[in-house]
Amino acid sequence: MRAHYRAEGLAESALAASPYDQFARWFKDATVAGLHEPNAMVVSTADPAGRPSSRTVLLKAFDDRGFVFFTNYNSRKGRELADNPAISLLFPWHPLARQVVVTGTAERIGRDETAAYFRTRPHGSQLGAWASDQSARVASREELERAYEELAARYPEGEQVPAPPHWGGYRIAAETVEFWQGRLNRLHDRLRYVRADDGWSVERLAP
């Protein structure tokens, strides 16, 4: 169970000026390559005692301000981010022998931005955001489906569903962004952008 990577390398001279621009290049490569859900990322947070937790979330936007995803603010990750906004994102693009690892700080986005995105979600996903008390214990599948059916009756297809007040987006302002490219003999390329006062510096890490 060991893959032999033979991908082209990643040189410092080939990097974009900012990690967000470099991410855009690699994200395009992952999309063009036909990877399933290239915007899927592992989001890791920690509770006040330092115990970590991880889950897969979909990236919904990114620009030079950061990476954005949406969730229930009362979920486990939401509660943990309220106590400790430090966060890590991992994009595991295995078919390309690539990974991108982001560390930074999460901050809630504005309600206008959340509402604008919520309106683009499929009707069923809008209802699901209301029906599910994310991360809370639920007695049965039937209870969850009953809550959904009640909401579907209240907000039939075609009727606008308001964004839940406990649901919204986070923007992760990156402090470091590592681009990992698999190479032969486990001599992988690992180039990491580090935020500096005047922009970004780049350092190479041993594989």
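Residues numbered from 1 in each chain as written. Predicted model: local features only at pLDDT ≥ 70, side-chain atom pairs only at ≥ 80, totals over all residues. Heavy atoms only, no water.

Caption draft 1: Main features of the overall build of the protein chain. Secondary structure assignment for the protein chain yields five helices and nine strands. In sequence order, the protein chain lays out its α and β elements as α-β-β-β-β-α-β-β-α-α-α-β-β-β. If one aligns the C-alpha atoms of the protein chain with their principal axes, the spans along those axes are about 55 × 40 × 35 Å. Evaluated residue by residue, the protein chain yields a buried proportion of 38% over its 207 residues. Within the protein chain, residue pairs in contact and separated by at least 24 positions form 63% of the contacts whose partners lie at least 6 positions apart. Counting only carbon and sulfur atoms, one obtains 49% of the accessible surface of the protein chain, whose full area is about 11800 Å². The distance from the centre of the 27 positive side-chain charges to the centre of the 27 negative ones in the protein chain is 4 Å. (Helix = DSSP H or I, 4+ residues; strand = E, 2+ residues; numbered from the N terminus. Buried < 20%, exposed > 50% of the residue type's maximum accessible area, 1.4 Å probe, protein only. Contact = heavy atoms within 4.5 Å. Areas by Shrake-Rupley, 256 points an atom, 1.4 Å probe, with all protein chains shown as cover. Lys, Arg positive; Asp, Glu negative; His and termini not counted. Charge placed at Lys NZ, Arg CZ, Asp CG, Glu CD.)

Caption draft 2: Seen up close, the nonpolar core. By size, the foremost hydrophobic cluster in this structure holds 31 residues, and its most contacted members are Phe23, Phe69, Leu89, Trp93 and Val100. For this core, the secondary-structure elements that each account for two or more residues are α1 (19–32), β1 (40–46), β4 (66–72), β5 (86–93), β6 (98–108), β7 (167–181) and β8 (189–196). Listed in part, the twelve residues of the second largest apolar core include Phe70, Leu127, Ala129 and Trp167. (Core = buried A, V, L, I, M, F, W, Y, C linked by side-chain atoms within 4.5 Å.)

Caption draft 3: Summary view of the layout of surface pockets. Put simply, the largest pocket is a space of about 280 Å³. Lining of the largest pocket is provided by 16 residues; of these, Phe70, Thr71, Arg121, Gln134 and Trp167 occupy positions nearest its centre. Considered class by class, the residues forming the lining of the largest pocket number six nonpolar, seven polar and three charged. (1 Å grid on protein atoms, 1.4 Å probe; cavity = no way out; pocket = protein on both sides within 12 Å on 5 of 7 lines; lining within 4 Å. Points joined across faces, edges and corners; volume = space filled by probe spheres on them. Nonpolar A, V, L, I, M, F, W, Y, C, P; charged D, E, K, R; others polar.)

Caption draft 4: Summary view of the pairing of strand β2 (residues 52–58). Only one face of β2 is covered, namely the one carrying Ser53, Arg55 and Val57; the face carrying Pro52, Ser54, Thr56 and Leu58 has none of its residues buried. Where β1 and β2 come together, seven bridges link them in antiparallel fashion. Bridging from a neighbouring strand, Ala40 pairs with Leu58 of β2. The hairpin formed by β1 and β2 contains five residues between the paired strands, and Gly50 there has a positive phi angle of roughly 90°. (Pairing = 2+ DSSP bridges.)

Caption draft 5: Just the side chain of Glu178, in detail. Here Glu178 is to be found in strand β7. Side-chain polar atoms of Glu178 contact the side chain of Arg190, separated by 2.6 Å. Other than its neighbours up to four places away in sequence, Glu178 contacts Gln99, Val100, Val101, Arg190, Leu191, Arg192 and Leu205. (Polar contact = N/O pair within 3.5 Å; in protein donor to acceptor, adjacent residues only side chain to side chain.)

Caption draft 6: Spotlight on the environment of Arg146. Mapped onto the fold, Arg146 is located in helix α5 (residues 141–154). Separated by 15 residues in sequence, Arg146 and Ala131 have C-alpha atoms that sit 8.7 Å apart.

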